[in-house]
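Observations on chain architecture
Next come the chains, spelled out residue by residue.
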Amino acid sequence: MATVLVVEDDALVRAALVRHLSEAGHAVRSVGTALDALREATQVGCDLVVLDLGLPDLDGAEALRMLRGVTEVPVVVATARDDEAGIVRLLNSGADDYLVKPFSPEHLNARISAVLRRASPAAETPVLSVGGLTVDPGRREVVLDGLSLDLTRREFDLLAFLAARPGVVVQRRELLAAVWQQAYGGDQTIDVHLSWLRRKLGETAARPRYLHTVRGVGVKLEAPRS
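Residues numbered from 1 in each chain as written. Predicted model: local features only at pLDDT ≥ 70, side-chain atom pairs only at ≥ 80, totals over all residues. Heavy atoms only, no water.

**Description of the sheet that holds strand S7 (residues 133–136)**
The strand order S6-S7-S8-S9 describes an open sheet built from 4 strands, whose pairing is antiparallel. Looking at strand neighbours, the two that pair on one side only are strand S6 (128–130) and strand S9 (147–149), the edges of this open sheet. Averaged over all neighbouring strand pairs, the angle between strand axes comes to 20 degrees, with direction disregarded. Judged from the 3 bridges that link them, strand S8 (residues 141–144) and S9 form a sheet pairing that is antiparallel. Looking across to S9, one finds that Val143 is bridged to Ser148. Running at roughly 110 degrees to S7, helix H6 (residues 153–163) makes contact with S6, S7 and S8 of the sheet. (Pairing = 2+ DSSP bridges. Helix = DSSP H or I, 4+ residues; strand = E, 2+ residues; numbered from the N terminus. Axes fitted to C-alpha atoms, helices over the stretch in contact; angles between N-to-C directions. Contact = heavy atoms within 4.5 Å.)

Here it is as structure tokens:
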């Protein structure tokens, strides 16, 4: 059971979400504005936020950015906006997943369960080492040549997924499914995060050390050749 905060301004929709999530075994609180959501998340706390974008006081995208400034709690965005560029912006702003309205209670429950599994601390997960790169999934720490790297949650998830498969070319659709839980699209999102990771690893696409793009296939992570 998780504590879920539902942020939805429509009273009928909010009541339905609270009922469905409670029936699924979650402890549910609900608010109707972005400011109330920020207050609940910071002062009371929760395990996950379901965030509607059409809020009366702040645009949901701005509310997401504000949430990310004060807490790392997972956020599932519920939106009627289905354009890919907008969804990419939400994911890059810190959303852990999204659903396009209308959606079924079963779909929401499945997405929440998946996000909570990813957010749970790894139990006795082995430390991954590739060359001078060490990735500790349990502590969510990355060290490169003795220096700790400061990665975002998504950057870490992407790097850890590749580090668990050293030398293996991972297809983009597999990355989308495993790291972003998306079945389609998202190439721009992958490219952006790879670019950020390369910068922090001290390399570029033109002069790779660890991250290698295989044109038309995918990406692999391997130790630099001596």
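The rest of the description comes next.
**A few points about the packing of helix H1 (residues 11–23) against helix H5 (residues 105–119)**
Between H1 and H5, whose axes approach to 10 Å, the crossing angle comes to 60 degrees. Classed by the angle they form, the pair H1 and H5 counts as oblique. Taken as a pair, H1 and H5 cross one another with a handedness that is right-handed. For the pair H1 and H5, contact is made by Leu17, His20 and Leu21 and by Pro105, Leu108, Asn109 and Ile112, respectively. (Parallel < 35°, antiparallel > 145°, perpendicular 65-115°, else oblique. Left-handed = near helix turned anticlockwise from the far one by under 90°.)

**A few points about helix H8 (residues 187–201)**
With 15 residues, H8 extends 21 Å from end C-alpha to end C-alpha; this agrees with the ideal 21 Å at 1.5 Å per step. Residues Thr189, Ile190, His193, Leu194, Leu197, Arg198 and Leu201 constitute the buried set of H8. Down the axis of H8, the buried set is contained in an arc of 165 degrees. They therefore lie on one face. Residues of H8 that are exposed and point more than 90 degrees away from the buried face comprise Gln188 and Arg199. (Expected span 1.5 Å × (residues − 1). Buried < 20%, exposed > 50% of the residue type's maximum accessible area, 1.4 Å probe, protein only. Arc of directions from axis to C-beta.)

**Quick look at the packing of H6 against helix H7 (residues 172–180)**
Working note: a packed helix pair is described by the angle between its axes plus the distance between those axes. The geometry of H6 relative to H7 is characterised by a closest axis approach of 10 Å and an angle of 125 degrees between their N-to-C directions. By the angle between their directions, the pair H6 and H7 is classed as oblique. Note on packing geometry: the crossing formed by H6 with H7 is right-handed. Between H6 and H7, the residues in contact are Arg154, Asp157, Leu158, Phe161 and Leu162 and Glu174, Leu175, Ala178, Val179 and Trp180, respectively. Here the contact of H6 with H7 is composed, by residue class, of 7 nonpolar, no polar and 3 charged. (Nonpolar A, V, L, I, M, F, W, Y, C, P; charged D, E, K, R; others polar.)

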